2 protein chains.
Amino acid sequence: MASEPLPPPPFGAAQPIEAAAEQLAAVLYNDQGLVPAIVQDDENGEVLMMAWMSAESLAISLAEGRTVFWSRSRQELWRKGDTSGDRQWIRSAWYDCDGDVLLFRVHQEGQGACHTGARSCFFRSFGPMPGPEPAVPPTQEESPR
Amino acid sequence: MASEPLPPPPFGAAQPIEAAAEQLAAVLYNDQGLVPAIVQDDENGEVLMMAWMSAESLAISLAEGRTVFWSRSRQELWRKGDTSGDRQWIRSAWYDCDGDVLLFRVHQEGQGACHTGARSCFFRSFGPMPGPEPAVPPTQEESPR
């Protein structure tokens, strides 16, 4: 059965990044040829996920303006969102002081980054789930009369 | 020579987290016994750094309410900020859908997270540095008269 074709990207979504050779040369890969890539929502700063990139998947990501990872479990290029539609359109791309971690600020298409359907892969906290700030101060006990 | 003692933590800084046994058991460590830990500024969402934690350093981090990593280069516990004063006070701690990445939202003490003195380790972008949004629209060319 043929799968449904993906809808075209949102207007203006793909913004390829032309990296300088010395920028790409600053990236350090581990002994499997991979570097961790953090993905952050460019609109609200939420950390969405972390995955791994090879030099090839980094080059494709920058050239196409969307995240492409290396799947360690499947040992193949993982064009994020090709199956789910949840593509990530790169707004800016960063490498850290040591060159061994990448950060992508993206426009997240679809329902979210996580394969569970959650928007972020970080939906479980240690300890009790931190609640939102209370909108109103808690009711004060009345003073003894 | 004795080093200067650290100043006491800011009032209310240390907020230990009591993690449930099943939460800690959900964390997957790599073949070196380590898991990547992303650190994000809880106040403005900026991604500050990524480092690695062992099970021991995670337990200490949660118990003391500040980040403690495993230094792969020095092969020892790295109590972030003990030398620099740039301690990170944990506001919430998260583990991802696969349990193989951690995320800490922190109050960053001192000048920043990076050993270079930068606030974030991600101060270099691929391609030209993205500028801030222009505060005013660019001056329009006058129409020909």
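Below you will find a few notes about this structure. (Residues numbered from 1 in each chain as written. Chains lettered and ligands numbered in written order. Predicted model: local features only at pLDDT ≥ 70, side-chain atom pairs only at ≥ 80, totals over all residues. Heavy atoms only, no water.)

1. Description of the interface of chain A and chain B
Then step 1. Contacts between the two partners involve 40 residues from chain A and, on the opposite side, 40 residues from chain B.
Then step 2. Among the residues chain A hides against chain B, the three largest losses belong to A:Phe122, A:Arg124 and A:Phe126. Together they make up 27% of the total.
Then step 3. Inspection of the chain A/chain B interface yields two salt bridges.
Then step 4. With its nearest N and O atoms 3.7 Å apart, the salt bridge here joins B:Arg72 to A:Asp100.
Then step 5. One can count 16 residue pairs in polar contact (both at pLDDT 80 or more) joining chain A with chain B.
Then step 6. Counting only elements with at least two residues in the side of chain A that touches chain B, the list comes to helix H1 (21–25), strand S1 (35–41), strand S2 (47–53), helix H2 (55–64), strand S5 (88–95), strand S6 (102–108) and strand S7 (124–125) of chain A.
Then step 7. Here the side of chain A that touches chain B takes four residues from S5(A), the largest share from any one element.
Then step 8. Among the residues making up the side of chain A that touches chain B, the classes are represented as 25 nonpolar, nine polar and six charged.
Then step 9. Bridge analysis of S5(A) against strand S7 (residues 124–125) of chain B gives two bridges, and the strand direction is antiparallel. Paired with A:Tyr95 across the strands is B:Arg124, a residue of S7(B). (Contact = heavy atoms within 4.5 Å. Buried area = accessible area lost by both parts, 1.4 Å probe. Salt bridge = Lys/Arg side-chain N within 4 Å of Asp/Glu carboxyl O. Polar contact = N/O pair within 3.5 Å; in protein donor to acceptor, adjacent residues only side chain to side chain. Helix = DSSP H or I, 4+ residues; strand = E, 2+ residues; numbered from the N terminus. Nonpolar A, V, L, I, M, F, W, Y, C, P; charged D, E, K, R; others polar. Pairing = 2+ DSSP bridges.)

2. Details of the relation of the copies chain A and chain B
Then step 1. For the match of chain A to chain B, the screw axis carries a shift of 0.0 Å, the RMSD comes to 0.0 Å, and the turn is 180 degrees. In the structure described here, the two chain copies are related by an operation that fits a two-fold rotation axis. Across chain A, the smallest distance between a C-alpha and the rotation axis is recorded for A:Gly45, namely 2.6 Å.
Then step 2. Here 100% of the interface residues in chain A have copies in chain B that are interface residues too; the copies meet face to matching face. (Least-squares fit on C-alpha atoms with pLDDT ≥ 70 in both.)

3. Observations concerning unusual backbone geometry
Most peptide bonds take the trans configuration, and most residues that are not glycine carry a negative phi.
Then step 1. Here A:Gln75, not a glycine, exhibits a phi torsion of approximately 55 degrees, which is positive.
Then step 2. Secondary-structure assignment places A:Gln75 in the loop between strand S3 (68–71) and strand S4 (76–79).

4. Points about the sheet that holds S7(A)
Strands pair in a sheet through their backbones, by hydrogen bonds, and they do so in one of two ways: parallel or antiparallel.
Then step 1. On the basis of which strands lie adjacent, the open sheet formed by five strands has the order S7(A)-S5(B)-S6(B)-S1(B)-S2(B) and mixed pairing. Only two strands of the sheet have a single partner each, and these edge strands are S7 of chain A together with strand S2 (47–53) of chain B.
Then step 2. In terms of strand pairing, strand S1 (residues 35–41) of chain B meets S2(B) through six bridges, oriented antiparallel. Each bridged residue has a counterpart across the sheet, and for B:Val39 the counterpart in S2(B) is B:Met49.
Then step 3. This element, helix H2 (residues 55–64) of chain B, spans S2, strand S5 (88–95) and strand S6 (102–108) of chain B of the sheet and lies at about 130 degrees to S2(B). (Axes fitted to C-alpha atoms, helices over the stretch in contact; angles between N-to-C directions.)

5. Examining the pattern of salt bridges
Then step 1. In total, this model carries 18 salt bridges over all chains according to the counting rule given.
Then step 2. Linked by salt bridges that have partners in common, A:Glu64, A:Arg66, A:Arg79 and A:Asp82 make up one network.

6. Some remarks on the sheet that holds S5(A)
Then step 1. Strand order across the open sheet formed by five strands is S2(A)-S1(A)-S6(A)-S5(A)-S7(B), with mixed pairing between neighbours. Strands at the two margins of the open sheet, each flanked by one partner only, are S2 of chain A together with S7 of chain B.
Then step 2. Lying on the sheet, H2(A) is in contact with S2, S5 and S6 of chain A; it crosses S2(A) at an angle near 130 degrees.

7. Examining the environment of B:Met129
Then step 1. Of note, B:Met129 is situated in the segment after S7.
Then step 2. For the pair B:Met129 and B:Asp31, spaced 98 residues apart in the sequence, the C-alpha separation amounts to 36 Å.

8. Overview of the nonpolar core
Then step 1. The biggest cluster of nonpolar side chains holds 24 residues, and the ones touching the most others in it are A:Phe126, B:Met49, B:Met53, B:Leu58, B:Leu102 and B:Phe104.
Then step 2. Elements with a minimum of two residues in this core: S1, S2, H2, S5 and S6 of chain B.
Then step 3. Ranked by residue count, the leading element in this core is S2(B), at four residues.
Then step 4. Grouped together as the second largest cluster of nonpolar side chains are 23 residues, A:Val27, A:Val35, A:Ile90 and A:Cys114 included. (Core = buried A, V, L, I, M, F, W, Y, C linked by side-chain atoms within 4.5 Å. Buried < 20%, exposed > 50% of the residue type's maximum accessible area, 1.4 Å probe, protein only.)

9. What about H2(B)?
Residue and element names in this part refer to chain B.
Then step 1. Of the positions making up H2, those classed as buried are Ser57, Leu58, Ile60, Ser61 and Leu62.
Then step 2. Contacts from the buried residues of H2 go to helix H1 (21–25), S2, strand S3 (68–71), strand S4 (76–79), S5 and S6.
Then step 3. The first or second residue beyond H2 is Gly65, which carries a positive phi of 75 degrees.

10. Regarding the side chain of B:Arg87
Residues and elements named next belong to chain B.
Then step 1. When you line up the elements, Arg87 lands in the loop between S4 and S5.
Then step 2. Given a relative accessible area of 5%, Arg87 falls into the buried group.
Then step 3. Here Arg87 is in contact with Leu6, Pro7, Pro8, Pro9, Arg66, Lys80, Gly81, His107, Gln108 and Glu109, once residues within four sequence places are set aside.

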